[in-house]
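Examination of the molecular architecture
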Amino acid sequence: MRFSRRQLLDAAVARHYNPRVMQPLVPRDGRLLPPYRVLDLAGNFGVFCAKLLADYGADVVKVEPPSGDAGRTRGPFPEDDPHPERSLYFLFYNTNKRSITLNLETEMGRSIFKRLAAKADVVVEGFPAGYLKDLGLDYDSLRTANPRLVMASVTPFGQSGPWKDFKSSDLISMATSGYMQITGDPDGPPLRQGNEHSHFPAAQYAAVAILAALYHRDLLSGEGQYIDVSLQESLITYYTDAHPALAWMQMGENVTRVGTTSNLVIPLGAFPCRDGWISAGIITSREWDTLARWVHEVTGNEEILNERYRGGNQDRAPHIDLITAMFIDFTTRFTADELFHEGQKRNLVFIPVNDVADLLGDPQLEASHFWAELDHPEIGTLKYPLGVFNSEDISPAQAAAPLLGQDNLEIYCDELGFEKTDLAFLRASGVI
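The shown structure was predicted, so the numbers you read here are calculated from the model rather than taken from an experiment. (Residues numbered from 1 in each chain as written. Predicted model: local features only at pLDDT ≥ 70, side-chain atom pairs only at ≥ 80, totals over all residues. Heavy atoms only, no water.)

Let's shift gears to the sheet that holds strand S2 (residues 59–64). In space, the 6 strands of this open sheet follow the order S3-S2-S1-S4-S5-S6, with parallel pairing throughout. The open sheet terminates on both sides in strands that have one partner only, identified here as strand S3 (97–101) and strand S6 (226–230). Averaged over all adjacent pairs, the angle separating strand axes in this sheet is 20°, with direction ignored. With 4 bridges joining them, strand S1 (residues 37–41) and strand S4 (residues 122–125) adopt parallel strand pairing. Bridged to leucine 39 within S4 is valine 123. Lying over the sheet, helix H17 (residues 408–415) contacts S1, S2 and S3, oriented at roughly 75° with respect to S3. (Pairing = 2+ DSSP bridges. Helix = DSSP H or I, 4+ residues; strand = E, 2+ residues; numbered from the N terminus. Axes fitted to C-alpha atoms, helices over the stretch in contact; angles between N-to-C directions. Contact = heavy atoms within 4.5 Å.)

Spelled out as structure tokens, the structure:
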């Protein structure tokens, strides 16, 4: 009897398929997490979730299409050289991961992914709702072979509701969550935060939920769970300190934008100085009196000593524009460092607004080992912000982002039993 190439490949996988025995995993030396196998299909919405798990010690395998993850095409690129191994975006978000290539649009690719998922602990995905179900790779399909699997979907609006199929971006998430309503100047339009701020809350919630599901599986139920995370919903919870829902229900009013200033603390915000910006906040009557005397000493402005500004912030609120003008006249006569140290002597809150160069040379960040140098074969040595927690016994993993498909041989041959010649066939067939 003759066997097709497909039958031979399936037989090779089956011979080497050994589901993990149900027993608790233990962290590797110096790692916070056990080496949970995580299959990363997260896309840009959930990529930070998989990065957190990888940095903390999980064995995260990024499953990329043969052409590479879309993140590899995103700038900035050093020396403006757009190369799939030189994207600074990709390098940051994929530290401590491994990479394999796999085309889920092919029948063989789906079959291989099911084998990988059968041995995995976690799948993180960020495809449009229903996409994986159409491929037969949704949670209900995967858990048949692996009831212990935890799967998290990170999407703009979740897996249900009238907006579940809508496409989105950071701007749309900012708008639909209401975050833009509280961001910006009072008389200006709503504004979005810089960069892709909306991705971080959802990714962080997904990571926490995954760890909770793994805890529940390993210590209580023995079964996995499906986790549905919405960018819109996650972002709403990041500005609850403004109490927008309570304000609306009680007063029928939207929380207003206040810019970098405040009607509750005057002055408060970022103010220009000779070499950049300084952040300042004056809360108590004692602080105001101290500031007013200092401003008068420097500028000679008698108005700052006016009795009507003394007392609480509510007394200064009607005069915020004049106070701000007098304060800027004062701050622009100093450097940020001068204001910081002189303010400390007077027990006033003055903090320089750091730029990137300041952060890279910050002695506090250096002392806490926040920055780590990682060497990448294409880009060389760069500093990465990996020291997000400090412990004498545990440290984040420290490996640069993987090259495209660099772990194909180890995953497909060592774990799934393919021969090198099989990989050549799969590559030629567009499967990997």
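What follows is about the side chain of lysine 97. Relative to the helices and strands, lysine 97 resides in strand S3. At 3.0 Å, the side chain of lysine 97 forms a polar contact with the side chain of asparagine 94. Residues in contact with lysine 97, not counting those within four places in the same chain, are Asp40, Val47, Ala50, Lys51, Ala54, Val60, Lys62 and Pro402. (Polar contact = N/O pair within 3.5 Å; in protein donor to acceptor, adjacent residues only side chain to side chain.)

Here 3 strands make up an open sheet; going across it, the order is S7-S8-S9 and the pairing antiparallel. Two strands close off the open sheet at either side, each with one partner strand: strand S7 (268–273) and strand S9 (349–352). When strand polarity is set aside, the average angle formed by the axes of neighbouring strands in this sheet is 30°. Two elements, strand S8 (residues 276–281) and S9, share 4 bridges in a ladder whose sense is antiparallel. Each bridged residue has a counterpart across the sheet, and for isoleucine 278 the counterpart in S9 is proline 352. Sitting on the sheet, helix H14 (residues 336–345) is in contact with S7, S8 and S9, with an inclination near 150° to S9.

The next thing to look at is the pattern of salt bridges. With the rule as written, the count across this model stands at 28 salt bridges. For aspartate 59, the salt bridge is made with arginine 98, and the minimal N-O distance between the two is 2.9 Å. Of this pair, aspartate 59 sits in strand S2 while arginine 98 is found in strand S3, placing the two residues 39 residues apart along the sequence. Side by side, aspartate 59 and arginine 98 carry an identical accessibility label, which is buried. Residue arginine 98 pairs with glutamate 410 through a salt bridge whose shortest N-O separation is 3.1 Å. With a gap of 312 residues between them, arginine 98 in strand S3 and glutamate 410 in helix H17 connect regions that are remote in the sequence. When salt bridges with common partners are traced through the structure, they connect Arg37, Asp59, Arg98, Glu410 and Glu415 into a single cluster. (Salt bridge = Lys/Arg side-chain N within 4 Å of Asp/Glu carboxyl O. Buried < 20%, exposed > 50% of the residue type's maximum accessible area, 1.4 Å probe, protein only.)

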